[in-house]
Amino acid sequence: MQNIDIEKIDNVLEEIWHAADRELYTATLGRLHSLFRNIRTALVRTTEDAFGVCLCCRRAIGRKRLQAVPWTPLCIRCQEAADRNDGEVLRSRSRS
């Protein structure tokens, strides 16, 4: 009887382990897909002479930011507003 209980626990732990592996794989795949999409979009912006220009406020993106994140579509100020979900700030910047 004790062997059966141990087997059940082993199976449950194995299922949990596999579920965690699937979640990690899915999250990693999502991040990589997003990164690939951002890089591809940045490459398109280079052909349109829009690379290095913030898509929101249309100002030049700082050199240090582009060195850190070359595929970024937003300047640091607009990115911070986007991270805060501050739609009002983003709308006002895109109008100026």
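In this report, the structure presented in the accompanying data block is examined.

Section: the overall build of the protein
The number of helices and strands found in the protein is four helices and zero strands. Beginning at the N terminus, the succession of helices and strands in the protein can be written as α-α-α-α. Within the protein, buried positions represent 16% of all 96 residues. Of the contacts formed within the protein by residues at least 6 apart in sequence, a portion of 25% connects residues at least 24 apart. In the form shown here, the protein has an accessible surface area of approximately 7,800 Å², with 58% of it arising from carbon and sulfur atoms.

A look at unusual backbone geometry
Unlike most non-glycine residues, aspartate 49 shows phi in positive territory, near 55°. The topology assignment puts aspartate 49 in the loop between helix H1 (2-47) and helix H2 (63-68). Positive phi, close to 65°, is recorded for arginine 58, a residue that is not glycine. For arginine 58, a relative accessible area of 56% puts it in the exposed group.

So, the environment of phenylalanine 51
Mapped onto the secondary structure, phenylalanine 51 falls in the loop between H1 and H2. Residues phenylalanine 51 and isoleucine 61, spaced 10 residues apart in sequence, show a C-alpha to C-alpha distance of 8.9 Å. Those residues within four positions of phenylalanine 51 in sequence are excluded, and the remaining contacts are Ala42, Arg45, Thr46, Leu66 and Pro70.

Points about the side chain of arginine 45
Inspection of the secondary structure assignment puts arginine 45 in helix H1. Among the polar contacts listed, one links the side chain of arginine 45 to the backbone oxygen of threonine 72, at a separation of 3.1 Å. Beyond its immediate stretch of four places on either side in the chain, arginine 45 contacts Ala50, Phe51, Leu55, Trp71, Thr72 and Pro73.

Considerations on the side chain of arginine 65
Considering the arrangement of structural elements, one finds arginine 65 in helix H2. Put simply, arginine 65 is tucked away with no salt bridge, and the nearest opposite charge, on aspartate 83, sits 6.9 Å away. Here glutamine 79 takes part through its side chain, which lies 3.5 Å from a polar atom of the side chain of arginine 65. Leaving out residues up to four positions away in the same chain, arginine 65 has contacts with Pro70, Thr72, Leu74, Cys75, Ile76 and Gln79.

Quick look at the state of the cysteines
Counted under the stated rule, the structure contains zero disulfides. Lacking any disulfide linkage, cysteine 57 is separated from the closest cysteine sulfur, that of cysteine 54, by 3.7 Å. Just so you know, cysteine 78 is unpaired, no disulfide at all, and the nearest cysteine sulfur is the one on cysteine 75, 3.6 Å from it.

Rules used in this analysis
Residues numbered from 1 in each chain as written. Predicted model: local features only at pLDDT ≥ 70, side-chain atom pairs only at ≥ 80, totals over all residues. Heavy atoms only, no water. Helix = DSSP H or I, 4+ residues; strand = E, 2+ residues; numbered from the N terminus. Buried < 20%, exposed > 50% of the residue type's maximum accessible area, 1.4 Å probe, protein only. Contact = heavy atoms within 4.5 Å. Areas by Shrake-Rupley, 256 points an atom, 1.4 Å probe, with all protein chains shown as cover. Polar contact = N/O pair within 3.5 Å; in protein donor to acceptor, adjacent residues only side chain to side chain. Lys, Arg positive; Asp, Glu negative; His and termini not counted. Salt bridge = Lys/Arg side-chain N within 4 Å of Asp/Glu carboxyl O. Disulfide = S-S within 2.5 Å.

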